[in-house]
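Geometric and topological summary
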Amino acid sequence: EKEFKGRLFSNLGYVIGELSMQPDSLSPVDRDRLSEAVGHCQLGYEYLKEVGGAPEFMALNNLVYYATSLNDASKIDFLLTQAHRLIDAGQQHNAVNLILTGCRAILQLSPDPEERREARRKIISLLQGPLSEKQESEARLYLESFP
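Description of the structure in this document. As the structure is a computational prediction, the values presented were derived from the model and not from experiment.

So, the pattern of salt bridges
- Here the structure, examined in full by the defined rule, presents ten salt bridges.
- Among the ionic pairs, glutamate 50 bridges to lysine 2, the shortest N-O distance being 2.3 Å. On the criterion of sequence distance, the pair formed by glutamate 50 in helix α2 (residues 31-51) and lysine 2 in helix α1 (residues 2-20) is long-range, its members being 48 residues apart.
- Its relative accessible area of 52% is what places glutamate 50 among the exposed residues.
- For the salt bridge of arginine 121 with glutamate 118, the shortest nitrogen-to-oxygen distance reads 2.9 Å.

Observations regarding the layout of surface pockets
- One number sums up the size of the largest pocket: a volume of about 630 Å³.
- Lining the largest pocket are 26 residues, and of these Glu18, Tyr65, Lys134, Glu138 and Tyr142 sit closest to its centre.
- Of all the secondary structure elements, the ones that give two or more residues to the lining of the largest pocket are α1, α3 (53-70), α5 (96-109) and α7 (133-145).
- When grouped by side-chain class, the residues that make up the lining of the largest pocket number eleven nonpolar, nine polar and six charged.

Looking at the packing of aromatic side chains
- All chains considered together, the criterion is met by two aromatic pairs.
- Look at phenylalanine 9 and tyrosine 47: their rings are 6.2 Å apart centre to centre, the planes differ by 10°, and that puts the pair in the stacked class. Highlighted residues: phenylalanine 9 in helix α1 and tyrosine 47 in helix α2, separated in sequence by 38 residues.
- Owing to a relative accessible area of 23%, phenylalanine 9 belongs among the partly exposed residues under this scheme.
- Pairing tyrosine 65 with tyrosine 66 gives two aromatic rings, centres 5.1 Å apart and planes at 90°, and the pair type is edge-to-face.

About the cut-offs
- Residues numbered from 1 in each chain as written.
- Predicted model: local features only at pLDDT ≥ 70, side-chain atom pairs only at ≥ 80, totals over all residues.
- Heavy atoms only, no water.
- Salt bridge = Lys/Arg side-chain N within 4 Å of Asp/Glu carboxyl O.
- Helix = DSSP H or I, 4+ residues; strand = E, 2+ residues; numbered from the N terminus.
- Buried < 20%, exposed > 50% of the residue type's maximum accessible area, 1.4 Å probe, protein only.
- 1 Å grid on protein atoms, 1.4 Å probe; cavity = no way out; pocket = protein on both sides within 12 Å on 5 of 7 lines; lining within 4 Å.
- Points joined across faces, edges and corners; volume = space filled by probe spheres on them.
- Nonpolar A, V, L, I, M, F, W, Y, C, P; charged D, E, K, R; others polar.
- Phe/Tyr/Trp six-rings, centres within 6.5 Å; stacked < 30°, edge-to-face > 60°.

The analysis is restricted to geometry; functional conclusions fall outside its scope.
This is the structure:
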């Protein structure tokens, strides 16, 4: 039941989030709607973190991705902590999307220049391997947007 509810809320957050973002941009089209998406993603994550595994990280990826777009200063510590979890899980399971989302959060939110440099190195390293067109575009956007 927890997994069903978690996936339901997380997927709802994902759909609303996608409709709230400009394609090929990091800017929201509608901040209120994006905030609603983050709320659904948060609720989905709360259910799925008890389930663990791939569903937890799918929900966490959505939560971090959309919450980072809101640039809410009150969530920076949470988002940076979770960004590192995403990167670790992504490296462990060869899940490029998790690594990209984690690196984006660090590039956008971290006050630590070394932490940002390491995130850039990870993205550059990803670009050396096989990526989908969408992943490559996303990686390049992050490198260009966060010098």
